[in-house]
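Examination of the molecular architecture
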Amino acid sequence: TSAVSRTTTVTLTAGSAQATITVTQAGATPSGGFLRLDYGAAQDVGSSSTQVWPRLWTDQLTWSAQTNASWLTLDSTSGTTTLDATSGERYAWVGVRAAANLGAMRMGTITITAGGMTVTATYFQASAADVSPVVTVSPNAVSFGSGAGSAVTVTVATSGAYWHVLEDWLPSWLEVTPQWGVSGDTVTVTAKTANMDQADRIDYVDLMTPKADGGANGKRLKVTQAGAVSPDTISLTSTELSFGATNASGLAVVITTSGPSWSAQPGCSWLEFLTPTANVSGTGLSILPLPNTSTSPRTCVVTVTAGSAQATITVTQAGATPAPANRFESFTLSADLNGDGRGDILAVEATSGTLRVFSTTASGTLQTNWQAATGIGGQRVFGPGDWDGDKKADVVTVATDGTMWLRRGNGVGGLAAPTQNGRGWSAYRIVPCGDLNGDKTNDLLAIDAAGKLWLYPGNGKGGFLLGRTEVGHGWTGFDLYAAGDLNNDQKADILAVNSSGVLYAYLGKGNGQFQTPVQVGQGWGTFTLASGADLNGDGLADIVGRNDSTGVLYYYQGKGTGQFAAAKQIATDW
């Protein structure tokens, strides 16, 4: 089974006579065979004529060689191998001559064959001008994790024509491909084996380019492989936390790790950490969710990291208790419907569609209420005052099909059967107002889809004069309200709330136009507002507002300056 041949003798004896038989056995051919060179697959030679002697090692008895370069010649293209008694392997020297290089840097190869196996040696010959060529790599240092199989790519540049890897010095745990190239090519460096030691291991890959004197210049690529570490671990005292919709204090989870520290990241914006988000093993993470204003429960995952280990904490928060449904789907203010000298509130019940009238006291609070009409659900309701010129307050409604209906008041709280006095209003947001243009009749404002504000002059008989006038634009993001006379100048005004919930007063000029708006409130985005009547009988226009999330109704007494007094609660479950 040895690759070395062996000899022994057999002795034959007959009486006093003896004879011997000499037996010689050749060495075995190792399974698969082998063929290699003393040095790596690349070799540098100078620009002048020179000879090199690569040595091959094999288990074969004969070899042959050839070259692909005219400037390389072989002393012999075939030969036999010699047994090395120490190693038991066979070897041969192959004479290779390189002609002087009178041109640019060049490359050539020789291919050696033995027993069907081949090995290639690549020769790089500098030109006479390549006195000190330069090689650079980018990046000049790379790193791997401790495991096997990781690979990185670096770019090699050289002022010479070629570069190659110095294979003789290549660490056994690294693989570099390709072994040579031209300037600008890339090489891939792969960690073939895992680092089983805890310490990092650092080695170098040498990339060379030949010089005219037969030497080579090179650049070292530093390669670092991290040391093996014990698996990181995390343990938590709790992996699930549950909270109500509102919480005054947080809950803590104690975190224990195999390493010295941990860090935590919330998976959503509604979680707060009451303790640092990074700490040492054995400390707690206190978590508090912000109040949940939605009625739906919500879940968030907190990720805790310690080294390579991760764990999660699932945080669940209940939804808020649903707010009670508002009793009234809509409401508005009206001039005095029952003859008590104070304005009233019109409200449409959400469940039945019944229109109810609420009278008020001298302090603006609610008094009695009664049914004024049925079947009003889904309609827009307005209390424009005297709409038909009979000195009694009326009610105007607009159905979903855009038809306008007048319900004439009788002065003692009752309303007559509706009569149609318009159509085509479904595309408009309308507000019947007081006398805007100074002709002693109540008028109407309407906002179209383009945000234009139109004035429709009333005719004093429940209808409108021919023609309309544009009195504004840019009203798309506003809700408009009739306001009565806010500043006691005997001219009708309006109120408007923008998309940010800011309340503005537009004081009328008495000619259908308005003064520059003045901010008179804010925070109305979650409120429903009603205006346009004097609820306490002091001759000044007031407003009411409902908090839509709680159903509480507030009264705001007008000051006669366009401003209002502080809110006063006058009803709940509204």
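Look up a bit, the structure's there.
Note that the coordinates shown come from a computational prediction; the quantities given were computed from them, not determined experimentally.

1. Observations concerning the overall build of the protein chain
- A tally of regular secondary structure across the protein chain gives zero helices and 52 strands.
- Relative to a compact globule of 574 residues, whose C-alpha radius of gyration would be 25 Å, the protein chain shows 49 Å and is clearly more extended.
- Based on the C-alpha atoms only, the size of the protein chain along its principal axes is roughly 160 × 65 × 40 Å.
- Classification of the 574 residues of the protein chain by burial places 44% in the buried group.
- Long-range pairs, those at least 24 residues apart, make up 49% of the contacts in the protein chain with a sequence separation of at least 6.
- Total accessible area on the protein chain is roughly 27,100 Å²; 50% of this is exposed by carbon and sulfur atoms.

2. Quick look at the pattern of salt bridges
- The full count for this structure, using the stated rule, is nine salt bridges.
- Asp75 serves as the salt-bridge partner of Arg97, at 2.8 Å between the closest nitrogen and oxygen. Here Arg97, found in strand β12 (residues 96-98), pairs with Asp75, found in the loop between β8 (72-74) and β9 (78-80); they are 22 residues apart in sequence, far enough to count as distant.
- By relative accessible area, which is 38% here, Asp75 ends up partly exposed.
- For Arg342, the salt bridge goes to Asp340, with nearest N and O atoms at 3.7 Å.

3. Regarding the sheet that holds strand β11 (residues 90-93)
- Overall, antiparallel pairing links the four strands, which are arranged β3-β6-β11-β10 in an open sheet. Lying at the two open borders of the sheet, with one neighbouring strand each, are β3 (35-37) and β10 (82-83).
- In this structure, β3 lies alongside strand β6 (residues 55-58), joined through three bridges in antiparallel fashion. Residue pairing for β6: Leu35 is matched across the bridge by Thr58.

4. Notes on the state of the cysteines
- This structure, assessed with the given rule, holds one disulfide.
- Disulfide partner of Cys268: Cys300, at an S-S distance of 2.1 Å. Handedness of the Cys268-Cys300 disulfide follows from its S-S torsion of about -130°: it is left-handed. Pair noted here: Cys268 is in the loop between β27 (261-265) and β28 (271-273) and Cys300 is in strand β31 (residues 298-306), with a separation of 32 residues, a long-range link.
- Given the relative accessible area of 2%, Cys300 is considered buried.

5. Brief notes about the sheet that holds β8
- Strand order in this open sheet of three strands is β5-β12-β8, and the pairing throughout is antiparallel. The open sheet is flanked by β5 (50-52) and β8, the only strands paired with a single partner. The average undirected angle you get between the axes of adjacent strands in this sheet is 25°.
- Of the pairings in the sheet, the one linking β5 to β12 comprises three bridges and is antiparallel in character. Residue pairing in the sheet places Val52 in a bridge with Val96 of β12.

6. Some points on the packing of aromatic side chains
- Following the criterion strictly, the structure yields 18 aromatic pairs and no others.
- Look at Phe124 and Tyr162: their rings are 5.7 Å apart centre to centre, the planes differ by 50°, and that puts the pair in the tilted class. Linking Phe124 in strand β14 (residues 117-125) with Tyr162 in the loop between β17 (151-158) and β18 (163-165), this pair joins segments that are 38 residues apart in sequence.
- On the accessibility criterion, Phe124 (0% relative accessible area) is buried.
- Taken together, a centroid distance of 4.9 Å and an interplanar angle of 45° make the contact between Trp475 and Tyr506 tilted. Of the two residues, Trp475 is situated in the loop between β44 (469-472) and β45 (479-484) and Tyr506 in strand β47 (residues 503-506); the sequence distance between them amounts to 31 residues.

7. A look at the environment of Val229
- Inspection of the secondary structure puts Val229 in the loop between β23 (216-225) and β24 (234-236).
- Between the C-alpha atom of Val229 and that of Ala148, which follows or precedes it by 81 residues, the distance is 14 Å.

8. Quick word on unusual backbone geometry
- Cis geometry is found at the peptide bond from Ser138 to Pro139, where omega equals 0°.
- Tracing the chain through its elements places Pro139 in the loop between β15 (135-138) and β16 (141-144).
- Phi angles above zero are rare outside glycine, and Lys391 is one such case at about 70°.
- Summarising the element assignment, Lys391 is placed in the loop between β37 (380-385) and β38 (394-398).
- Judged by relative accessible area, which is 78%, Lys391 ranks as exposed.

9. Structural notes on a nonpolar patch on the surface
- On the surface, a nonpolar cluster with roughly 300 Å² of combined accessible area is contributed by Val10, Leu12, Ile21 and Val23.
- Elements that contribute at least two residues to the nonpolar patch include exactly β1 (6-14) and β2 (17-25).
- Turning to its location among the elements, Val10 is positioned in strand β1.

10. Overview of the pairing of strand β49 (residues 527-533)
- Burial analysis of β49 places five of its seven residues in the buried class, the great majority of the element.
- Across six bridges, the pairing between β49 and strand β50 (residues 542-547) is antiparallel. For Ala530, the partnering residue across the bridge sits in β50 and is Val544.

11. A word on the nonpolar core
- Among the nonpolar cores identified, the biggest contains 23 residues, and Leu56, Leu72, Val96, Ile110, Ile112 and Tyr123 are the most heavily contacted of them.
- Those elements giving two or more residues to this core turn out to be β3, β7 (62-67), β8, β12, β13 (106-114) and β14.
- It is β14 that contributes the most residues to this core, four residues altogether.
- Apart from the residues within four sequence positions on either side, Leu72 is in contact with Thr67, Val96, Arg97, Ala98, Gly108, Thr109, Ile110 and Tyr123.
- Of all hydrophobic cores here, the second largest spans 21 residues; its members include Leu241, Trp270, Leu271 and Val304.

12. Side note on the side chain of Ser334
- Within the fold, Ser334 resides in strand β33 (residues 328-334).
- Of the residues examined, Ser334 reaches a relative accessible area of 0% and is grouped as buried.
- Residue contacts for Ser334: discarding those within four places in its chain leaves Gly343, Asp344, Leu346, Gly383, Asp394 and Ala533.

Scoring rules and cut-offs
Residues numbered from 1 in each chain as written. Predicted model: local features only at pLDDT ≥ 70, side-chain atom pairs only at ≥ 80, totals over all residues. Heavy atoms only, no water. Helix = DSSP H or I, 4+ residues; strand = E, 2+ residues; numbered from the N terminus. Rg over C-alpha atoms; globule rule 2.2 N^0.38 Å. Buried < 20%, exposed > 50% of the residue type's maximum accessible area, 1.4 Å probe, protein only. Contact = heavy atoms within 4.5 Å. Areas by Shrake-Rupley, 256 points an atom, 1.4 Å probe, with all protein chains shown as cover. Salt bridge = Lys/Arg side-chain N within 4 Å of Asp/Glu carboxyl O. Pairing = 2+ DSSP bridges. Disulfide = S-S within 2.5 Å. Axes fitted to C-alpha atoms, helices over the stretch in contact; angles between N-to-C directions. Phe/Tyr/Trp six-rings, centres within 6.5 Å; stacked < 30°, edge-to-face > 60°. Patch = residues over 30% accessible without salt bridge, like charges linked within 9 Å, V, L, I, M, F, W, Y side chains within 5 Å. Core = buried A, V, L, I, M, F, W, Y, C linked by side-chain atoms within 4.5 Å.

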